[in-house]
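# Chain and residue survey
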Amino acid sequence: MAARVLTAPRRLKPFNRLQVILQHLKMCKHTDSTADVLLQKKGDAGIITLNRPKVLNALSLSMIRQIYPQIKAWEQDPETFLIIIKGAGEKAFCAGGDVRAIADAGRAGDRLTRDYFREEYTLNNAVGTCKKPYVALIDGITMGGGVGLSVHGHFRVATEKTVFAMPETAIGLFPDVGGGYFLPRLSGKIGCFLALTGFRLKGRDVLKAGIATHFVESAKLPDLEKDLIALKSPSKENIADLLNSYHIQTKIDQEKEFVLDEHMEKINSIFSANSMEEIVQKLKQDGSPFAMKQLETLNKMSPTSLKLTLRQVREGASLSLQDVFTMEYRLSQACMKGHDFYEGVRAVLIDKDQSPCWKPAALGEVSDEFVDNCFKPLGNNDLKL
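Residues numbered from 1 in each chain as written. Predicted model: local features only at pLDDT ≥ 70, side-chain atom pairs only at ≥ 80, totals over all residues. Heavy atoms only, no water.

### Examining the overall build of the protein
Rules: Only DSSP runs of H or I reaching four residues or more are called helices, and only runs of E reaching two or more are called strands; each is numbered from the N terminus. Values of the radius of gyration come from C-alpha atoms, whereas the globule rule sets the reference at 2.2 Å times the count of residues to the power 0.38. Relative accessibility under 20% of the residue-type maximum defines a buried residue, over 50% an exposed one, and the middle range a partly exposed one, all with a 1.4 Å probe and only protein chains included. The contact criterion used is simple: two residues touch if any of their non-hydrogen atoms lie within 4.5 Å. Per-residue and other accessible areas were derived by the Shrake-Rupley procedure at a 1.4 Å probe size, with only the shown protein chains allowed to occlude residues. Positive residues here are Lys and Arg, negative ones are Asp and Glu, while His and the chain termini are left out of the count. For the purpose of locating charges, the reference atoms are NZ of Lys, CZ of Arg, CG of Asp and CD of Glu.
Of the regular secondary structure elements, the protein holds 17 helices and 10 strands. A compact globule built from 385 residues should have a C-alpha radius of gyration of about 21 Å, and the protein, at 20 Å, falls within 12% of that. In terms of overall dimensions, the protein has a C-alpha envelope of 60 × 55 × 35 Å along the principal axes. When burial is assessed residue by residue, the protein has 56% of its 385 residues classed as buried. Looking at the protein alone, contacts between residues at least 24 apart form 74% of all its contacts between residues at least 6 apart. In the structure as shown, the protein presents an accessible area of about 16,500 Å², 51% of it carried by carbon and sulfur atoms. The averaged location of the 46 negative side-chain charges in the protein is 5 Å from the averaged location of its 51 positive side-chain charges.

### A closer look at the nonpolar core
Selection criterion: To define a nonpolar core, start from buried Ala, Val, Leu, Ile, Met, Phe, Trp, Tyr and Cys residues and group those joined through side-chain atoms within 4.5 Å.
Counting 95 residues, the largest nonpolar core has Ile-48, Ile-279 and Phe-341 as the members making the most contacts within it. Ranked by residues supplied to this core, first place goes to helix H15 (residues 321-337) with eight residues. Apart from residues no more than four positions distant in its own chain, Phe-341 is found in contact with Val-99, Ile-102, Ala-103, Ile-171, Gly-172, Leu-173, Cys-335 and Met-336. In this structure, Val-135, Phe-155, Val-216 and Leu-243 belong to the second largest nonpolar core, which totals 18 residues.

### Some details on helix H10 (residues 236-249)
Given 3.6 residues to a turn, an α-helix orients residues that are three or four positions apart in the same direction. What counts is decided by this rule: Under the convention used throughout, the expected extent of a helix is 1.5 Å for every residue step, that is, one less than its residue count.
In this model H10 runs 20 Å from its N-terminal to its C-terminal C-alpha over 14 residues, within 8% of the 20 Å that 1.5 Å per residue would give. For H10, the secondary structure elements touched by its buried residues are strand E3 (82-87), strand E5 (134-138), strand E7 (155-158), strand E10 (214-215) and helix H9 (221-230).

### Quick look at the sheet that holds strand E1 (residues 37-42)
Strands belonging to one sheet form pairs held by backbone hydrogen bonds; the direction of such a pair is parallel or antiparallel. For clarity, the threshold we go by: Pairing between strands requires that DSSP locate at least two bridges from one strand to the other. In this analysis an axis means a line fitted to C-alpha atoms, helices contributing only their contacting stretch, and an angle means the value between N-to-C directions, from 0 to 180 degrees.
If you trace the six strands from one edge of the open sheet to the other, you get E1-E2-E3-E5-E7-E10, paired in mixed fashion. Where the open sheet ends on each side, the last strands, each with one partner, are E1 and E10. In this fold helix H2 (residues 61-76) packs onto E1, strand E2 (45-50), E3 and E5, with an angle of close to 20 degrees to the strand it touches most, E1.

### Description of the pairing of E3
So the rule is basically this: When the strands point away from the viewer and the path from the first strand over the helix to the second turns clockwise, the crossover is right-handed.
In terms of strand pairing, E2 meets E3 through six bridges, oriented parallel. The residue of E3 that forms the bridge with Thr-49 is Lys-86. Handedness of the E2-H2-E3 crossover: right-handed.

### A word on unusual backbone geometry
A cis amide bond, omega -5 degrees, links Lys-359 with the succeeding residue Pro-360. Position of Pro-360 among the secondary structure elements: in the loop between helix H16 (340-350) and helix H17 (368-374). Although it is not a glycine, Ser-233 adopts a positive phi angle of roughly 45 degrees. Examined against the element boundaries, Ser-233 turns out to sit in the loop between H9 and H10. Among the residues examined, Ser-233 registers a relative accessible area of 46% and is labelled partly exposed.

### A word on the packing of helix H3 (residues 99-107) against helix H4 (residues 112-128)
We count it as follows: Gly falls in the polar group here, along with every residue not listed as nonpolar (Ala, Val, Leu, Ile, Met, Phe, Trp, Tyr, Cys, Pro) or charged (Asp, Glu, Lys, Arg).
One way to put it is that H3 packs onto H4 with a least axis distance of 8 Å and a crossing angle of 145 degrees. Where H3 abuts H4, its residues Ala-101, Ile-102, Ala-105 and Gly-106 lie against Leu-112, Thr-113, Tyr-116 and Phe-117. Along the lines of polarity and charge, the residues of the contact of H3 with H4 split into six nonpolar, two polar and no charged.

### Notes on the confidence of the model for the protein
Our working rule: The predictor rates its confidence in each residue with pLDDT, a number between 0 and 100.
Across the protein, the average pLDDT comes to 93, with 92% of residues at or above 70. Predicted confidence is poor over residues 1-13, with pLDDT under 50, and the contacts of this stretch with residues over four places away or in other chains come to 38 contacts. In the model, residues 20-29 has pLDDT below 50 throughout and makes 24 contacts with residues more than four positions away in sequence or in other chains.

### Regarding the side chain of Asn-57
Cut-off, in case you're wondering: Definition of a polar contact: a pair of N or O atoms within 3.5 Å, with one able to donate and the other able to accept a hydrogen when the atoms are protein atoms, and with sequence-neighbouring residues admitted only if both atoms are side-chain atoms.
The residue Asn-57 is located in the loop between E2 and H2 in this model. On the basis of relative accessibility, which here comes to 0%, the residue Asn-57 falls in the buried class. For Asn-57, the side chain forms a polar contact with the main-chain oxygen of Ala-92, separated by 3.0 Å.

Written as structure tokens, this is what we have:
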């Protein structure tokens, strides 16, 4: 039977971790081609296919609740040696979380606004702590929730079709799913730049930025997957060797320099500022076409989101992955109680007028006290990993 895709708010029982124990270790029979996630065992590999190509494999709570227990089961299975995750269709690995469903639920006062983020971050943490080698084939659009399913794993294979971005500040959110962990660990201030602007990296640039570990031609991915499945009881080193062999053979854009190379000095200088106001000031003072373009972009983003994101990335630089998820869960719940997330989803995804009316409308109106409150512990409601 097809797994139900969550498209409207509905009361759902909180995820029960005991389901992991009850899950059959060998295989979960989710191979119906109409299911929103396909879970298969082939050879020594567990394979997860995100199967909502019509909506660019957007991640629903239904999908999270299928993937998490399967990863935990394969992790414990002595006959599973690696996990592969990929997206169905030609366009996307996963374009993000099902934010429209979350916004609908928030307006209706439904618990999905709590359950979704709690369970998504728990899944992201399972990827980041997975004891079995985890290979994400990030072919096509990989944004937001799709980044959370891939970036924390051992291996991330980009292609010439990969489009990476964390565009959350444009919808009144922040680059979550562990963005506070991996973004500040990229070289220089590139992570802060990507977090605030939602800048899109394409193809080999995803590798050059340090987000992907390998770059393989999109047309070769079926062969790569077959070869991964054919490995007998592989170690992490065996898998790395195979990925490296494909990576070395891929010549696409090999000589092309990193898209942000010529701007890195500016990025490192401007985005090391201590406040959003100072970043804006530095961009204005710089006055170059690149700086003006970034200023124009930032002026479209939620001022609240920008302030939350800058602090998130700064604080996340010295936190463990688990502490980052706890911090981000607090921020998610603050955003669910606010105005800008609902307005951003309306402007970008529902009415598509691209003209959100942010409240507050200016950076200077977002107080330090408000930002501090968004980071405060939630007591018994905190995310515990």
